[in-house]
Amino acid sequence: MASAIELELPGGTQDGFAAEQSVWDLGRFALTRSVMPSAGYMRSWRHLRRGAMDHWCIVLVCDRYDDPVSGRRARPTTMHIRSLGESFEANANDGEVISLYMPRDAYGRNSVRFERLAGDLGRSAPIELLADYIMSLERRVGDCRIGDIPALVQATEAMISACLVSNADEIDAARDVLTLSLAERAKRIIRGALFSPDLTPEFLARSIGISRSGLYRLFEPFGGVRNVIQRERLFAARTALANPAREGSIVEIAERCGFGDASAFSRAFRREFGITPSEVRVSAAIGAPVGAIRTQPVTEGADLAGVLSRLQT
């Protein structure tokens, strides 16, 4: 990031810290994810104003936490919009940051609205929907094929327009994307309360601020609310079974994941994954692969400025 953003540790210390940076070049956008230590690692950083490097950047700061079943997870906490061409300095100890970069004139005359929005975007339903969408985009972009990128870019443009520009045409164009983002937000709430007895349709409707009938309409394309909850519990069980260090029998793991009937769990598991719980447990024990392996981004000597300079308007 050094060609676009300068980062320093306090007191001029030369000691570094472990960090992970992933960059995806989407042609019209660049998406980055940075993971850094948080506690005790306050950092100072500022924009480097160099030439045409004036891209807009939507910055999503996430809180990382331990999930007892699926490991480390992140949830959005704050979101900002900034221009790399404007002076900006800050101190932070964020643990995870997802950033979406776009050319300054990507939205034509509507770009002037970003000038008024620059800074902390606050908390509102559209902003939270956009945050959920950006997190979902980061999780899935590594699995995309090259042919998927144009549709992904179009959906991202529609979401930004609907949530930040907010005129009737953009909202109508992004209606399907907004619906999917709301569903993703609901799924995130489901995952957070996956093993709670209070996880009911009523609880879920209250949590995302829609009526119970609206919730059922939202999840109708996914087979219904209860089906989605069951699938999330099955995925949690599969993650636990695939972990060779996880203690407990298959029946105990099924019960922890909300399945009281071992036979019903086994049947549902096989329908969902095409493999039995026992086969997953055996594969994990011998180190054999279980399911698809996510494609990881590959770095080939390009820095962030190089990616940003190629973004198309």
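Whatever comes next refers back to the structure up there.
Anyway, here's the lowdown on the structure attached to this text. (Residues numbered from 1 in each chain as written. Predicted model: local features only at pLDDT ≥ 70, side-chain atom pairs only at ≥ 80, totals over all residues. Heavy atoms only, no water.)

Right, let's talk about the overall build of the chain for a bit. The secondary structure content of the chain amounts to 12 helices and 9 strands. The buried share of the chain, reckoned over its 313 residues, is 43%. Across the chain, every contact between residues at least 6 apart in sequence was considered, and the portion connecting residues at least 24 apart equals 70%. Carbon and sulfur atoms make up 50% of the accessible area of the chain, which totals about 16,600 Å². (Helix = DSSP H or I, 4+ residues; strand = E, 2+ residues; numbered from the N terminus. Buried < 20%, exposed > 50% of the residue type's maximum accessible area, 1.4 Å probe, protein only. Contact = heavy atoms within 4.5 Å. Areas by Shrake-Rupley, 256 points an atom, 1.4 Å probe, with all protein chains shown as cover.)

In this fold, glycine 95 is placed in the loop between β7 (89-92) and β8 (96-102). When the C-alpha positions of glycine 95 and valine 35 are compared, they lie 5.7 Å apart, and in sequence the two are 60 residues distant.

The next subject is the packing of helix α6 (residues 201-208) against helix α7 (residues 212-219). It is at 9 Å that the axes of α6 and α7 come closest, and there the two elements cross at 95 degrees. Taken as axis vectors, α6 and α7 run roughly perpendicular relative to one another. Contacts between α6 and α7 pair Pro201, Glu202, Leu204, Ala205 and Ile208 from the former with Arg212, Leu215, Tyr216, Leu218 and Phe219 from the latter. Grouping the constituent residues of the contact of α6 with α7 by class yields 8 nonpolar, no polar and 2 charged. (Axes fitted to C-alpha atoms, helices over the stretch in contact; angles between N-to-C directions. Parallel < 35°, antiparallel > 145°, perpendicular 65-115°, else oblique. Nonpolar A, V, L, I, M, F, W, Y, C, P; charged D, E, K, R; others polar.)

For helix α3 (residues 149-165), which comprises 17 residues, the first-to-last C-alpha distance of 23 Å matches the rise-based estimate of 24 Å (1.5 Å per residue) to within 8%. Where burial is concerned, most of α3 is hidden: 13 out of the 17 residues are buried. (Expected span 1.5 Å × (residues − 1).)

Moving on, we get to the environment of alanine 284. Of note, alanine 284 is situated in helix α11 (residues 277-286). Classification of alanine 284 as buried rests on a relative accessible area of 11%. Residues alanine 284 and alanine 242, spaced 42 residues apart in sequence, show a C-alpha to C-alpha distance of 5.0 Å.

Our next topic: the sheet that holds strand β4 (residues 43-47). Taken together, 3 strands build an open sheet; the order of strands is β1-β4-β7 and the sheet is antiparallel. Two strands in the sheet have a free side with no partner beyond their single neighbour: β1 (5-8) and β7. Averaged over all neighbouring strand pairs, the angle between strand axes comes to 20 degrees, with direction disregarded. Here 4 bridges tie β1 to β4, and the two strands are oriented antiparallel to one another. Each residue of the ladder has a partner; that of isoleucine 5, found in β4, is histidine 47. (Pairing = 2+ DSSP bridges.)

Compared with an ideal rise of 1.5 Å per residue, which puts 12 residues at 16 Å, helix α10 (residues 262-273) spans 16 Å between its outermost C-alpha atoms and is within 8% of the ideal. In this fold, the buried residues of α10 make contact with α8 (225-241), α9 (250-256) and α11. One side-chain oxygen at the N-terminal end of α10 lies 2.9 Å from the backbone nitrogen of serine 263; it belongs to aspartate 261. The first or second residue beyond α10 is glycine 274, which carries a positive phi of 70 degrees. (Polar contact = N/O pair within 3.5 Å; in protein donor to acceptor, adjacent residues only side chain to side chain.)

Moving on to the nonpolar core. The biggest cluster of nonpolar side chains holds 64 residues, and the ones touching the most others in it are Ile58, Met79, Met102, Phe114, Ile160 and Leu164. Top contributing element to this core by residue count: helix α2 (residues 125-141), with 9 residues. One finds Met36, Val61, Val97 and Leu308 within the second-largest nonpolar core, a separate group that totals 16 residues. (Core = buried A, V, L, I, M, F, W, Y, C linked by side-chain atoms within 4.5 Å.)

One pass over the full model with this rule turns up 8 salt bridges. Two residues, glutamate 232 and arginine 191, come together in a salt bridge whose shortest N-O distance is 3.1 Å. Here glutamate 232 is found in helix α8, whereas its partner arginine 191 is found in helix α5 (residues 175-192), with 41 residues between them in sequence. Neither residue differs from the other here; glutamate 232 and arginine 191 are each classed as buried. As a salt-bridge pair, glutamate 272 and arginine 231 come within 2.8 Å of each other at their nearest N and O atoms. Of this pair, glutamate 272 sits in helix α10 while arginine 231 sits in helix α8, and the two are 41 residues apart along the sequence. Of the residues examined, glutamate 272 reaches a relative accessible area of 27% and is grouped as partly exposed. Each of Glu20, Arg33, Glu96 and Glu138 takes part in salt bridges that share partners, so that together they form one network. (Salt bridge = Lys/Arg side-chain N within 4 Å of Asp/Glu carboxyl O.)

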